[in-house]
Amino acid sequence: MAGAYKCARCKQKVEIDVNVRCPYCGHRILFKERGAAIKELKAR
Amino acid sequence: MEIVFSSINDSAARFSITGTSQPFANALRRAMIGEVPTLAIEDVRIYDNTSALFDEMLGHRLGLIPIRTDLDCYIPQEKCSCEGAGCDRCSVMFTLSVEGPAMVYSRDLIPQDPRAAPAVDGIPIVKLTKDQKVVLEARAVLNSGRVHAKWQPTTTCGFKNYPIVEISDRCDACGQCVEECPRGILVVKGGRVTVVEGRLEECSLCRLCERACLNTGIGEEPAIRVRSDDSRFIFVVEGDGSLPVREIVQRALLYLKSQSDELCEKIGEVSGVTGDEEENE
């Protein structure tokens with residue numbers, strides 16, 4: 001489940017292991033960060 | 001065949017064709033919609049998108065933006081010597097980079113070739129709030145509306161039969177049909193009902209006037225009759241801005257001609273007679 005998340009309140013980078021909770025501020029809303037890969041798609 | 005234009009400019013045309021059949025009129029309509037090529041965004045490379053829209057939704061919206069097309073400068077990818085890799089002859093690159101808070105408009109798409117800019121500047125693509133960002137590259141290619149609606153050069157494109165309104169001597173000018181007509185094409189003038197000058201083409205053939213006439217108790221047959229002319233058609237064509245309407249009509253007719261020529265040639269090959277020989281006979 002580990003991945004790059006960002007806390008919605010303190011904007012810190014967060015790794016999720018067991019609980020969905022920011023270890024710095026305790027906020028429970030986390031955003032999944034967009035990967036660095038370039039996305040190619042068809043405009044349809 | 002007689003063609004009369006009632007109006008034509010870059011974005012819309014209205015004309016009537018006399019002395020033809022419904023299948024031919026429909027063939028012309030279909031050719032204008034589906035066989036005249038235009039540019040439209042096909043491939044999108046998204047570097048960053050933190051907007052509220054998914055990448056796919058954003059790509060879909062980009063594809064539908066009409067792009068000004070010079071058909072003498074571009075050729076379809078399948079006919080290009082680059083074999084679909086993408087070159088200056090068959091594709092146009094666009095870049096878009098906007099940071100919020102802002103509305104992303106079609107004018108923010110910066111084309112590599114200034115002739116192939118979006119036809120309309122103010123088409124909203126996505127609204128960005130603070131810290132949201134869209135960075136992407138897009139590639140527009142030439143194709144026809146038969147493949148996908150985004151390549152259609154037309155918005156409204158249709159035809160209807162030319163209306164014939166006949167008012168018999170039994171008309172007592174009661175004015176019921178005038179009141180009923182939703183298009184306002186009838187008027188009581190000099191003791192009888194007539195069609196307003198120049199408004200006959202507005203008739204939608206709804207026949208509400210016939211019914212209103214019957215309801216007055218005039219008898220079994222109404223005094224006003226609406227028929228459609230089976231050999232005369234009114235066309236309304238509106239372009240989306242990618243091509244001038246004049247060119248859409250011309251290209252569609254050229255397409256029909258080339259298809260007919262090809263058929264002639266094939267029939268000649270099968271029967272062993274060429275088109276030229278037939279003409280000489």
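For clarity, every value in this text was computed on a predicted model and none was experimentally measured.

Reading the values: the criteria
- Residues numbered from 1 in each chain as written.
- Chains lettered and ligands numbered in written order.
- Predicted model: local features only at pLDDT ≥ 70, side-chain atom pairs only at ≥ 80, totals over all residues.
- Heavy atoms only, no water.
- Helix = DSSP H or I, 4+ residues; strand = E, 2+ residues; numbered from the N terminus.
- Rg over C-alpha atoms; globule rule 2.2 N^0.38 Å.
- Buried < 20%, exposed > 50% of the residue type's maximum accessible area, 1.4 Å probe, protein only.
- Contact = heavy atoms within 4.5 Å.
- Areas by Shrake-Rupley, 256 points an atom, 1.4 Å probe, with all protein chains shown as cover.
- Lys, Arg positive; Asp, Glu negative; His and termini not counted.
- Charge placed at Lys NZ, Arg CZ, Asp CG, Glu CD.
- Pairing = 2+ DSSP bridges.
- Axes fitted to C-alpha atoms, helices over the stretch in contact; angles between N-to-C directions.
- Buried area = accessible area lost by both parts, 1.4 Å probe.
- Salt bridge = Lys/Arg side-chain N within 4 Å of Asp/Glu carboxyl O.
- Polar contact = N/O pair within 3.5 Å; in protein donor to acceptor, adjacent residues only side chain to side chain.
- Nonpolar A, V, L, I, M, F, W, Y, C, P; charged D, E, K, R; others polar.

Engineer: Would you mind going over the overall build of chain B in detail, with residue names and values included?
Structural biologist: Within chain B, the regular secondary structure consists of 6 helices and 12 strands. Expected size for 281 residues packed as a compact globule is a radius of gyration near 19 Å; at 26 Å, chain B overshoots this value by more than 25%. Seen through its principal axes, chain B has C-alpha atoms that stretch 75 × 65 × 25 Å. Within chain B, the proportion of its 281 residues that are buried is 40%. Looking at chain B alone, contacts between residues at least 24 apart form 70% of all its contacts between residues at least 6 apart. When the accessible surface of chain B is split by element, carbon and sulfur atoms take 49% of a total near 15400 Å². The average position of the 31 basic charges and that of the 44 acidic charges among the side chains of chain B differ by 6 Å.

Engineer: Report on the overall build of chain A, specifying residues and quantitative values.
Structural biologist: If you tally the helices and strands in chain A, you get 0 helices and 4 strands. Ordered by position from N to C terminus, the α and β elements of chain A give β-β-β-β. Seen through its C-alpha atoms, chain A measures out along the principal axes to roughly 40 × 20 × 15 Å. For chain A, the residues scored as buried account for 23% of the 44 residues in total. Summarising the internal contacts of chain A: among those between residues at least 6 apart in sequence, 19% fall at separations of at least 24. A total of about 3400 Å² of accessible surface is found on chain A, and carbon and sulfur atoms cover 51% of it. Where the 11 positive side-chain charges of chain A centre and where its 4 negative ones centre are 8 Å apart.

Engineer: Which residues make up the sheet that holds strand β9 (residues 154-167) of chain B, and what values go with them?
Structural biologist: Residues and elements named next belong to chain B. If you walk across this open sheet you meet the 4 strands as β1-β2-β12-β9, and the pairing is antiparallel. For this open sheet the edge positions go to β1 (2-8) and β9, each flanked by a neighbour on one side alone. Ignoring strand direction, the axes of neighbouring strands in this sheet form an average angle of 25°. Of the strands in this sheet, β2 (12-18), β9 and β12 (224-239) touch helix α1 (residues 22-34), which is tilted by about 155° from β9.

Engineer: I'd like to hear about the sheet that holds strand β3 (residues 38-49) of chain B, residue by residue, with values.
Structural biologist: Reading across the sheet, the 5 strands line up as β4(A)-β3(B)-β8(B)-β4(B)-β6(B) and stay open at both edges, with antiparallel pairing between neighbours. Two strands in the sheet have a free side with no partner beyond their single neighbour: β4 (39-42) of chain A together with β6 (110-111) of chain B. Where strand β4 (residues 91-99) of chain B lies against strand β8 (residues 133-143) of chain B, 9 bridges are found, and the strand directions are antiparallel. Looking at the pairing, Leu 96 of chain B lines up with Leu 136 of chain B of β8 of chain B. Contacting β4 of chain A together with β3 and β8 of chain B, helix α2 (residues 55-63) of chain B runs over the sheet at an angle of about 150° to β3 of chain B.

Engineer: Run through the interface of chain B and chain A, naming residues and quoting values.
Structural biologist: It is common to report an interface's size as the accessible area lost on association of the parts. Contact residues are listed per partner, giving 18 residues for chain B and 9 residues for chain A. In total, chain B and chain A occlude about 1300 Å² of area from one another, counting both sides; carbon and sulfur atoms represent 43% of this. Here chain B and chain A share 7 salt bridges between them. Salt-bridge contacts for Glu 42 of chain B lead to Arg 44 of chain A; the nearest nitrogen and oxygen are separated by 3.0 Å. Linking chain B with chain A are 11 residue pairs in polar contact (both at pLDDT 80 or more). Of all the elements in the fold, those that place two or more residues in the side of chain B that touches chain A are β3 and α2 of chain B. Here the side of chain B that touches chain A is composed, by residue class, of 6 nonpolar, 5 polar and 7 charged. Two strands pair when backbone bridges link them, and β4 of chain A and β3 of chain B are joined in this way by 4 bridges, in the antiparallel orientation. When the sheet's bridge partners are listed, Glu 40 of chain A is paired in β3 of chain B with Arg 45 of chain B.

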